[in-house]
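Now for the letters of each chain:
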Amino acid sequence: MSDYETLLVETHGAVTLVRLNRPQALNALNTAILRDLIDAFAAYDADDGQRCLVLTGSEKAFAAGADIKEMQDQGFAQMYGANFFGGFEKVWSVRKPWIAAVGGFALGGGCELAMMADIMIAADTARFGQPEIKLGVAPGMGGSQRLTRAVGKSKAMDMVLTGRMMDAVEAEKANLCSKVVPAADLVDEALKMAATIAGMAPLAAIANKEMVNVAFETGLATGILFERRLFNGLCATEDKKEGMGAFVEKRPGVWTGR
Ligand code: CO8
């Protein structure tokens, strides 16, 4: 267990489990959580022994948004000057795979943080929303972009303009999450999926993640070329030789990450 003011971090073999831990504020995201998340994600990315990460919250809330009390008195100059919450880009841009396991409220910045994950798993108790309009503002951590890419224009407009919540069934149907599981099984299911990913060749895992992310950033022909060149590149790794050799010899691959 590591020492963070706002997080509980433990390892399960090659999987890092990070729990948001501000129960008194339903895990509202403040400067302290951001600082701790940046540290914990950087430590995960730098640790060769860790190959997948699960981020979760509590039963009641993944995170109920950015901390309204912290933002209440901040004006434009203060926020713009400090690039307030710009640091979340460091969480999103971690190179290794990570999963958001969402139970309870994932609202505003909480929903936006979950959408930064490579894969989102929801408990049947999950409630997603971008209610910022009710505070006289709008999403500010990527929600207008990532929600729209995930669920399409009409549902994204519905969410941001009405500020309503979406339950887990609707979220799965709308492709916001990859699956819904009973709340009691959420962390175990996420850890199981993470262990599967952690068992893959590490460079291949990073390459697969990069390819899918490039699909959001570029045109089809360029994306396909990027994919083919990365595939070509993976063919220079020891793990490619091992993986294909292991298949032919009918045994599991043993990865070195080289
Ligand atoms: N910020 C601060 N405190 C919060 C937040 C929050 N987002 N959400 C809940 N809390 C606190 C409450 O104030 C309360 O504290 P206290 O006991 O001291 O009064 C405690 O958590 C428990 O909350 P409730 O009593 O309200 O619990 P309920 O079960 O009655 O309601 C809800 C749960 C529905 C989740 C309700 O708390 C709620 O509506 N919360 C706010 C949701 C929201 O509006 N989220 C969006 C925030 S804005 C945002 O996320 C912008 C992100 C972009 C930032 C970009 C910067 C560049």
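Just so you know, these numbers come straight off a predicted model, no measurement behind them.

K.L.:
Break down the overall build of the protein for me, citing the residues and quoting the values.
P.N.:
Across its full length, the protein holds 12 helices and 10 strands. The C-alpha radius of gyration computed for the protein amounts to 19 Å, which stays within 12% of the reference 18 Å derived for 258 residues, consistent with globular compactness. On the principal axes, the C-alpha backbone points of the protein span a range of 60 × 45 × 40 Å. Within the protein, the fraction of its 258 residues that count as buried is 42%. Considering only intrachain contacts with a sequence separation of at least 6, the fraction spanning at least 24 residues in the protein is 65%. Accessible surface computed for the protein: about 13600 Å², of which carbon and sulfur atoms make up 58%. Charge-centre separation for the protein: the mean point of 27 positive side chains lies 6 Å from the mean point of 31 negative side chains.

K.L.:
Tell me about the pairing of strand β2 (residues 15–20), and name the residues and values.
P.N.:
Both faces of the sheet carry side chains from a regular strand, because those side chains alternate between them. For β2, a buried count of five out of six residues is recorded, marking the element as mostly surrounded by other parts of the structure. Linking strand β1 (residues 7–12) to β2, which pair antiparallel, is a turn of two residues; within it Gly13 sits at a positive phi near 60 degrees. Handedness of the β-α-β unit built from β2, helix α1 (residues 31–46) and strand β3 (residues 52–56) comes out right-handed.

K.L.:
Now, about the sheet that holds strand β9 (residues 165–167): what can you tell me, with residues and values included?
P.N.:
On the basis of which strands lie adjacent, the open sheet formed by four strands has the order β4-β6-β8-β9 and mixed pairing. The open sheet is flanked by β4 (61–63) and β9, the only strands paired with a single partner. Ignoring strand direction, the axes of neighbouring strands in this sheet form an average angle of 20 degrees. Pairing of strand β8 (residues 127–129) with β9 involves three bridges; the strand directions are antiparallel. In the strand pairing of β9, Gly129 is matched with Met165. Relative to the sheet, helix α5 (residues 109–116) contacts β4, β6 (105–107) and β8, its axis offset from that of β6 by approximately 95 degrees.

K.L.:
Could you give an account of the site of the ligand, naming the residues involved and the relevant values?
P.N.:
Not every one of the 24 residues close to the ligand is listed here, only the nearest: Lys60, Ala66, Ile68, Lys69 and Gly109. Between the ligand and Ile68 there is a distance of 2.9 Å, counted from a nitrogen atom to a backbone nitrogen or oxygen. One nitrogen or oxygen atom from the main chain of Gly109 is found 2.7 Å from an oxygen atom belonging to the ligand. Against a free-state accessible area of 1100 Å², the protein chains account for coverage of 65% of the ligand. Elements represented by at least two residues in the shell around the ligand include exactly α2 (68–71), β6 and α5. Broken down by element, the shell around the ligand gets its largest block of residues, three residues, from α2. Partitioned by chemical class, the residues of the shell around the ligand number 14 nonpolar, five polar and five charged.

K.L.:
I'd like a description of the domain arrangement of the protein, backed by residues and values.
P.N.:
As far as domains go, the protein holds domain 1 (7–199) and domain 2 (202–249). Each partner contributes residues to the interface: domain 1 has nine residues there, and domain 2 has eight residues. Across the domain 1 to domain 2 interface the summed buried area is about 710 Å²; carbon plus sulfur atoms make up 54%. Across the contact surface, domain 1 and domain 2 share two salt bridges. Between Lys209 and Asp118 there is a salt bridge whose closest N-O contact spans 2.9 Å. Along the contact surface separating domain 1 from domain 2 lie four residue pairs in polar contact (both at pLDDT 80 or more). Residues that form the side of domain 1 that touches domain 2 fall into these classes: four nonpolar, no polar and five charged.

K.L.:
Explain the pattern of salt bridges to me, using residue names and the numbers behind them.
P.N.:
Overall, the coordinates contain 13 salt bridges when judged by the stated rule. Residues Arg251 and Glu242 are paired through a salt bridge, measuring 2.8 Å at the closest nitrogen-oxygen approach. It is possible to trace a salt-bridge network through shared partners that takes in Lys155, Asp158, Arg164 and Glu170.

K.L.:
Give me the lowdown on the side chain of Glu132, citing residues and values where you can.
P.N.:
Its place among the elements puts Glu132 in the loop between β8 and α6 (143–151). Buried and without a salt bridge, Glu132 has Lys134 as its closest oppositely charged side chain, separated by 10.0 Å. Apart from residues no more than four positions distant in its own chain, Glu132 is found in contact with Gly108, Gly109, Glu112, Val137, Ala138 and Pro139.

K.L.:
Can you lay out unusual backbone geometry for me, pointing to particular residues and giving the numbers?
P.N.:
Unlike most non-glycine residues, Leu26 shows phi in positive territory, near 50 degrees. With respect to the helices and strands, the residue Leu26 is situated in the loop between β2 and α1. Unusually for a residue other than glycine, Asn175 sits at a positive phi of about 70 degrees. Note on Asn175: relative accessible area 59%, which makes it exposed.

Calculation criteria
- Residues numbered from 1 in each chain as written.
- Predicted model: local features only at pLDDT ≥ 70, side-chain atom pairs only at ≥ 80, totals over all residues.
- Heavy atoms only, no water.
- Helix = DSSP H or I, 4+ residues; strand = E, 2+ residues; numbered from the N terminus.
- Rg over C-alpha atoms; globule rule 2.2 N^0.38 Å.
- Buried < 20%, exposed > 50% of the residue type's maximum accessible area, 1.4 Å probe, protein only.
- Contact = heavy atoms within 4.5 Å.
- Areas by Shrake-Rupley, 256 points an atom, 1.4 Å probe, with all protein chains shown as cover.
- Lys, Arg positive; Asp, Glu negative; His and termini not counted.
- Charge placed at Lys NZ, Arg CZ, Asp CG, Glu CD.
- Pairing = 2+ DSSP bridges.
- Right-handed = clockwise from strand over helix to strand, strands pointing away.
- Axes fitted to C-alpha atoms, helices over the stretch in contact; angles between N-to-C directions.
- Near = heavy atom within 4 Å.
- Polar contact = N/O pair within 3.5 Å; in protein donor to acceptor, adjacent residues only side chain to side chain.
- Nonpolar A, V, L, I, M, F, W, Y, C, P; charged D, E, K, R; others polar.
- Domains from an automatic or database assignment.
- Buried area = accessible area lost by both parts, 1.4 Å probe.
- Salt bridge = Lys/Arg side-chain N within 4 Å of Asp/Glu carboxyl O.

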